Amino acid sequence: MGRNCVKLFRRSLWVFHVNSGGCNGCDIELLNVFAPYQDTERFGVKLVGSPRHADAIALTGPITREALPRVVRAFQAVPDPKVVIAIGSCACGGGIWYDSHAVVGGVGKFYELLRERYGVEPPLTVYVPGCPPKPEAIIHGICVLRGVVKQKQVASYYTEEKAPEIPKELLGVPSFEVRRVRGV
Amino acid sequence: MRSSVSKLIEELGGYGEVRVLRKGLIHLKACREDLPKIAELLHWGLGGYFSVSVGVDERPVDGLLHVYHVFSIDELGTYVVVEASVSPAHPRMPSITPVVDAANWHEREVTDFIGVEFVGHPEPGRLILPYDWPEGVYPLRKDFPYDSKVSVGEVPDEVVVDEKGLEGYTKLPVGPYHPALHEPEHFILYVDGERVVDARYKGFFIYRGIEKVAESRLTVNQVPFIAERICGICGYTHSCCYCQAVESAAGIEVPERALYIRSTLLEIERIHSHMLWLGVAFHVLGFDTGFMIMMRVREAVMSIAEMLTGNRKTYGMNLVGGVRRDINEGRKEVVLRALRRVREEFRESMEDILRMREIVSRTKGVGVLTYNDARRLSVLGPVARASGIDTDVRKRHPYAAYKHVDFRIPVYRDGDVLSRLLVRYEEVLESIGIVEQLLESMPRGEILCEEVEIPEYRKGVGATEAPRGEDIHFVITGRDNKVYRWKPRAPSYNNIPSTIVMLRGERLADAPVIIASNDPCFSCTDHLVVIDVRRGVRKVVRGEELARRW
Amino acid sequence: MGVVTERYPYEPVEVPEGFRGKPVIDPERCVGCGACANACPPNALTVEDDLEAGVRRVKLFLGRCIFCGRCQDVCPVEAVKLTKEFELSAMSAEDLYQVVELRLAKCLVCGRAFTTVRLALETARRLPEDQRRLALICPECRERMSSHLISYARW
């Protein structure tokens, strides 16, 4: 199965929204995406009521323990091939409460769980960071997924090859004796 | 005119030691056996209302588990914090729920998190913790590490609720997932034909362990950021409330200009929240055009917020002691101009919409909450104001810069969905007026109190009028730049139980709009599964179809 | 009312001044002090010492960033700044990292690598002249020296 969304979904993309316990910030920005100012129905992207009709899952929230079984069920209900749009800081990396006892912690940990328990490989995922991401950022995410625009964000690594020169006056240990006194 | 503050202190003095922590905050250390009597006095006798209960594990301090019940005496502009303690060996104290219905969920939460049992509670049982959470493990006790990942078990298919007296009625589970973007909530409606007989509610899918993270990992100045993310619509009120609680506990004076900026942003948040609610309410009524119109008018408010704070929603403006950013003259002008347009467009659209007979007939007389029920359940905000209770934290416990501005509190007596709609409509117009007054009269000066000293183990209460009602935070400061205990109580916590009262006797098709009218931090009409018990047939129906077909 | 739909993504969208977008660490300015990691509420910024490689690694994970700007507030050398960039979507979580590695410096007395060279130089620059030579001595050794000084009045 090609891991390329453009090959998988040639025409419209129907999205099922799963709120796995977030604050609703990302959910309202998602609501904005279908409102007059941004309006993704121009691209054929729309929300559907049943996971069975969906091609993509828009996941928001850090996946709380209470919501976990339902998220798994929703996940299994969306027919393959499917893609996942992880929206916001909670879905991408667990958010500000990533290590809380009540939270699984974003799609990364969720996929580990899926692999361990159900032997399911993670589907193609697009990460949309933000807290919450602007509606335009969400549209950008969908367009990157569809291949309409190029991904802008790439990892960057910098290694300091050589440390800067340390001036001589900092290199001497201060002139006094650190003497061991008897009995101390 | 009833008692003054000194008379209140005298009456409470009969029950224990009374201390005035600061203006508007009284602390009573009582014996736990007296709690029901004190609750009766404060909620019913003196005309106050029950606000929140907080359980605190103070074993490191004095070896006991403490419970604080907070009441608000609107008339005197005072909060009364009633403290009682139990030993961890016999953690039992009398419940105040038989006296004050509103304390039902609060006490169950304290049992879940601290392990104190409330004797006499009519419906004890797990409220917030997940089904598979082990017994006897209390997350908010100090010996439970905040990041321990207790293993996940299997969750039963059926939600377990108490169904006494409801056998024989058709059961309609509503939730937890929704076709169009709402949070996971689970209502179960019991219907007889078209009429809803009763309902049960299971929520708290969004329990993230925020309080535990805040007291374990975060510093005092990082908590405003987690507070803001409690809710994506009314986040800034939570952040302000927390800062106010710490400032009250530590006695920090916030500069005037910072208070004006906070109030401006709070009102902007109220405007966008109410507009969103109106849009969602119209959508739930089947009137999608209204939804689109509201989202359109609301966009200008989001742009204002983005310009002032750097983000449309999570403003990130608060630190303990003030705000991080200023509002300069140029931006002030832009905001005022934009708000004038917003007011015009909003008023025009709403006047047209309210003339529609369909909207009025579907909301008038529907989902009524009487004044008595509202008092009994301590409902807050627009829900209370629509049922005839004249309460608003901005007027009764003035905070930030509200004492410097003029505004009305709309109060309606019918208690139906239409009243709640009208209350919110008028509040938007009032809020626009408040922002204009604040921006015109903002004083010069500092915006952040740089040197803040926060002494250990001080108690503070911060309260604001969130778009959904009174938001109250209780803070006990700790050491090492941390908080010892932080309990945020969002207004929906008090309001959601009233949904069940509103649903009884109503038509099934009105259920979505009734649930939405409570504004439970968002509408929670959900995906319905209809189980026709008699014919053994299962159908899946979407919420909107339900609203249109039946 | 008219047509209000934006033409995004076919036309760019402007964000206001002060918009809190992607934080970027300027690798030339960063000294590896870790103030940003201390202040970061979700721990999206982390600082760890890799003793084998002899470097201090400052990592920024955009996936968990909440774009609050506290890192920008507390950075003593103005290395972290929030930009106006909001188009941050990526097809893999690995793309969301920025890593800056700086060489560690060893304590002159005990030899333990406790700071980066850049931080030692920056600290020295900010100290009064007669205390500059303490910059490359680790806190434990400094404490021992000070208590020795106080107890035995020897310097």
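The notes below deal with the structure included here. Sequence order sets the numbering: in each chain, residues are counted from 1 along the sequence as written. Chain letters and ligand numbers both follow the written order, the letters beginning at A and the numbers at 1. With pLDDT at 70 or above as the cut-off, local features in this predicted model cover only qualifying residues; side-chain atom pairs require 80 or more to be listed or tallied, and sums for whole chains, interfaces and linings still use all residues. Heavy atoms throughout the structure, all of them, feed into the side-chain values; hydrogens and water do not.

1. Describing the overall build of chain B
Here is step 1: Every helix listed is a DSSP run of H or I at least four residues long, and every strand listed is a run of E at least two residues long, numbered separately from the N terminus. Across its full length, chain B holds 18 helices and 17 strands.
Here is step 2: The classification of residues rests on relative accessible area computed with a 1.4 Å probe and restricted to protein chains. Under 20% of the type maximum is buried, over 50% is exposed, and intermediate values are partly exposed. Every one of the 550 residues in chain B was classed for burial, and the buried ones make up 65%.

2. Some remarks on the overall build of chain C
Here is step 1: Of the regular secondary structure elements, chain C holds 4 helices and 6 strands.
Here is step 2: Seen in sequence order, chain C has helices and strands lined up from the N terminus as β-α-β-β-α-β-β-β-α-α.
Here is step 3: By the compact-globule yardstick of 15 Å for 155 residues, chain C is too spread out, its C-alpha radius of gyration being 21 Å.
Here is step 4: Taken over the C-alpha atoms alone, chain C extends approximately 85 × 30 × 25 Å along its principal axes.
Here is step 5: For chain C, the residues scored as buried account for 50% of the 155 residues in total.
Here is step 6: A fraction of 65% describes how many contacts in chain C between residues 6 or more apart in sequence connect residues 24 or more apart.
Here is step 7: Carbon and sulfur atoms make up 49% of the accessible area of chain C, which totals about 7,700 Å². Each radius of gyration is computed over the set of C-alpha atoms, and the globule rule expresses the reference value as 2.2 Å times the number of residues to the power 0.38. Contacts were defined at the residue level, with two residues in contact if any of their heavy atoms lie within 4.5 Å. Note on areas: Shrake-Rupley with a 1.4 Å probe; residue coverage comes only from the protein chains shown.

3. Topic: the nonpolar core
Here is step 1: Nonpolar cores are built from buried Ala, Val, Leu, Ile, Met, Phe, Trp, Tyr and Cys residues. Side-chain atoms within 4.5 Å join them into one set. Counting residues in hydrophobic clusters, the biggest one holds 152 residues, and the most contacted among them are L12(B), L42(B), V82(B), V116(B), F282(B), F346(B) and M350(B).
Here is step 2: Ranked by residue count, the leading element in this core is helix α8 (residues 256–284) of chain B, at 16 residues.
Here is step 3: Excluding residues within four positions of it along the chain, L12(B) makes contact with V18(B), I26(B), L28(B), I38(B), L41(B), L42(B) and V80(B).
Here is step 4: Among the nonpolar cores identified, the runner-up in size contains 80 residues, and W97(A), F110(A), V483(B) and W486(B) belong to it.

4. Examining the interface of chain B and chain A
Here is step 1: Taken together, the 61 residues of chain B in the interface contact 47 residues of chain A.
Here is step 2: We define a salt bridge as a side-chain nitrogen of Lys or Arg found within 4 Å of a carboxyl oxygen belonging to Asp or Glu. For the interface between chain B and chain A, the tally reads 4 salt bridges.
Here is step 3: For K134(A), the salt bridge identified is with E306(B), shortest N-O distance 2.7 Å.
Here is step 4: Side-chain atoms alone can form a polar contact between residues adjacent in sequence; in general such a contact is a pair of N or O atoms within 3.5 Å, and within protein one must be able to donate a hydrogen while the other accepts it. Joining chain B to chain A, the criterion identifies 13 residue pairs in polar contact (both at pLDDT 80 or more).

5. Structural notes on the side chain of D57(B)
Residue and element names in this part refer to chain B.
Here is step 1: By the element assignment, D57 lies in strand β3 (residues 49–58).
Here is step 2: A distance of 2.8 Å separates the side chain of D57 from the side chain of R59, its partner in a polar contact.
Here is step 3: When sequence neighbours within four positions are dropped, the list of residues in contact with D57 reads L64, L65, I114, L140, R141, K142 and Y484.

6. Concerning the layout of surface pockets
Residues and elements named next belong to chain B.
Here is step 1: Its volume calculated, the largest pocket comes out at about 1,300 Å³.
Here is step 2: Forming the walls of the largest pocket are 45 residues, and the residues nearest its centre are N104, W105, R108, E123 and L127.
Here is step 3: The set of elements that each furnish at least two residues to the lining of the largest pocket consists of α4 (104–114), β7 (117–119), β10 (195–202) and α16 (492–503).
Here is step 4: Looking at which element gives the most residues to the lining of the largest pocket, the answer is α4, with 6 residues.
Here is step 5: Each residue is assigned to one of three groups, with Ala, Val, Leu, Ile, Met, Phe, Trp, Tyr, Cys and Pro labelled nonpolar, Asp, Glu, Lys and Arg labelled charged, and all others, Gly among them, labelled polar. Across the lining of the largest pocket, the residue classes tally to 22 nonpolar, 9 polar and 14 charged.
Here is step 6: Only protein atoms enter the 1 Å grid, on which a cavity is a set of points fitting a 1.4 Å probe that cannot get out and a pocket is an open set with protein on both sides within 12 Å along at least 5 of 7 lines, lining residues being those with an atom within 4 Å of a point. Lining of the second largest pocket is provided by 29 residues; of these, R22, K23, S248, P398 and Y399 occupy positions nearest its centre.
Here is step 7: For the lining of the second largest pocket, the elements supplying multiple residues, two or more each, are β1 (16–22), β2 (25–30), β5 (78–86), α7 (235–250), α8 and β13 (459–466).
Here is step 8: When its residues are assigned to classes, the lining of the second largest pocket shows 14 nonpolar, 8 polar and 7 charged. Grid points are joined across faces, edges and corners, and a volume is the space filled by probe spheres set on the points.

7. Let's talk about the side chain of R270(B)
All names here are of chain B.
Here is step 1: The residue R270 is located in helix α8 in this model.
Here is step 2: Judged by its relative accessible area of 1%, R270 is buried.
Here is step 3: At 3.5 Å, the side chain of R270 and the backbone oxygen of A466 are in polar contact.
Here is step 4: With residues near it in sequence (within four places) discarded, R270 still touches R394, Y402, E427, S431, E465, A466 and P467.

8. A few points about the environment of I206(B)
Here is step 1: With respect to the secondary-structure elements, I206(B) resides in the loop between β10 and α5 (210–216).
Here is step 2: Spatially, the C-alpha atom of I206(B) lies 9.5 Å from that of I230(B), the residues being 24 residues apart in sequence.

9. Some remarks on empty space enclosed by the protein
In this approach the atoms are scanned with a rolling probe the size of a water molecule, which exposes any empty space left behind.
Residue and element names in this part refer to chain A.
Here is step 1: Scanning the entire structure with this criterion turns up 12 cavities of 30 Å³ or more.
Here is step 2: Approximately 150 Å³ is the volume attributed to the second largest cavity.
Here is step 3: What lines the second largest cavity is a set of 20 residues, among which C23, G25, C26, C90 and C131 lie closest to the centre.
Here is step 4: Secondary-structure elements contributing two or more residues to the lining of the second largest cavity are α2 (25–33) and α4 (88–93).
Here is step 5: Considering every element that reaches the lining of the second largest cavity, the biggest residue donor is α2, with 3 residues.
Here is step 6: Of the residues contributing to the lining of the second largest cavity, the split by class is 8 nonpolar, 10 polar and 2 charged.

10. A look at the interface of chain A and chain C
Here is step 1: Facing the 60 residues of chain A at the interface are 58 residues of chain C.
Here is step 2: Defined here as a combined quantity, buried area equals the accessible surface (1.4 Å probe) lost by two parts on assembly, summed across both. Summed over both sides, the interface of chain A with chain C buries roughly 5,200 Å², with 62% coming from carbon and sulfur.
Here is step 3: Summed over the three residues of chain A that lose the most area to chain C, namely Q153(A), Y158(A) and L170(A), the buried surface amounts to 14% of that side.
Here is step 4: Linking E87(C) and K152(A) is a salt bridge whose minimum nitrogen-to-oxygen distance equals 2.5 Å.
Here is step 5: Counting the contacts that link chain A with chain C gives 22 residue pairs in polar contact (both at pLDDT 80 or more).
Here is step 6: Sort the elements by how many residues they give to the side of chain A that touches chain C and helix α6 (residues 135–146) of chain A lands first, with 8 residues.

11. Digging into the pattern of salt bridges
Here is step 1: According to the stated counting rule, one finds 57 salt bridges over all chains in the structure shown.
Here is step 2: Put simply, D101(B) and R376(B) hold a salt bridge, and the shortest N to O gap is 2.3 Å. With D101(B) in the loop between β6 (92–94) and α4 and R376(B) in helix α12 (residues 371–376), this residue pair connects regions lying 275 residues apart in the sequence.
Here is step 3: Since its relative accessible area comes to 27%, D101(B) is described here as partly exposed.
Here is step 4: The shortest N-O distance in the salt bridge between D73(C) and R324(B) comes to 2.9 Å. Of this pair, D73(C) sits in helix α2 (residues 70–74) while R324(B) sits in the loop between β12 (322–323) and α10 (329–354), placing the two residues on different chains.

12. Describing the packing of aromatic side chains
Here is step 1: Aromatic rings from Phe, Tyr and Trp, with only the six-membered ring used for Trp, were paired whenever their centres fell within 6.5 Å, and each pair was classed as stacked if the ring planes differed by under 30 degrees, edge-to-face if by over 60, and tilted otherwise. Tallied over the full model, the rule gives 15 aromatic pairs over all chains.
Here is step 2: Both rings, one in W105(B) and one in Y493(B), keep their centres 5.5 Å apart while their planes meet at 75°; by these two values the pair is edge-to-face. Taken as a pair, W105(B) in helix α4 and Y493(B) in helix α16 lie far apart in primary sequence, 388 residues in all.
Here is step 3: What makes Y493(B) buried here is its relative accessible area of 12%.
Here is step 4: Three or more aromatic residues joined by ring pairs make a cluster, and in this case those are F75(A), F110(A) and Y111(A).
Here is step 5: In this scheme, the term charge over a ring applies when either NZ of a lysine or CZ of an arginine sits within 6 Å of the ring centre and within 35 degrees of the ring normal. When the ring centre of W14(A) is taken as origin, the NZ or CZ atom of K46(A), which lies over that ring, is 4.7 Å away.

13. As for the sheet that holds strand β15 (residues 483–489) of chain B
Residues and elements named next belong to chain B.
Here is step 1: On the basis of which strands lie adjacent, the open sheet formed by 3 strands has the order β13-β14-β15 and antiparallel pairing. Each end of this open sheet is capped by a strand with a single partner; those strands are β13 and β15. Strand-to-strand twist of the sheet, defined as the mean angle between neighbouring strand axes without regard to direction, takes the value 15°.
Here is step 2: As paired strands, strand β14 (residues 469–477) and β15 are joined by 6 bridges and run antiparallel to one another. What sits directly across from I472, in β15, is R489.
Here is step 3: Axes, fitted as lines to C-alpha atoms, cover a helix only where it is in contact. Angles between the N-to-C directions of the axes lie from 0 to 180 degrees. Contacts between α7 and the sheet are confined to β13, β14 and β15, with β13 contributing the most and set at about 150° to the helix. For two strands to count as paired, DSSP must find a minimum of two bridges between them.

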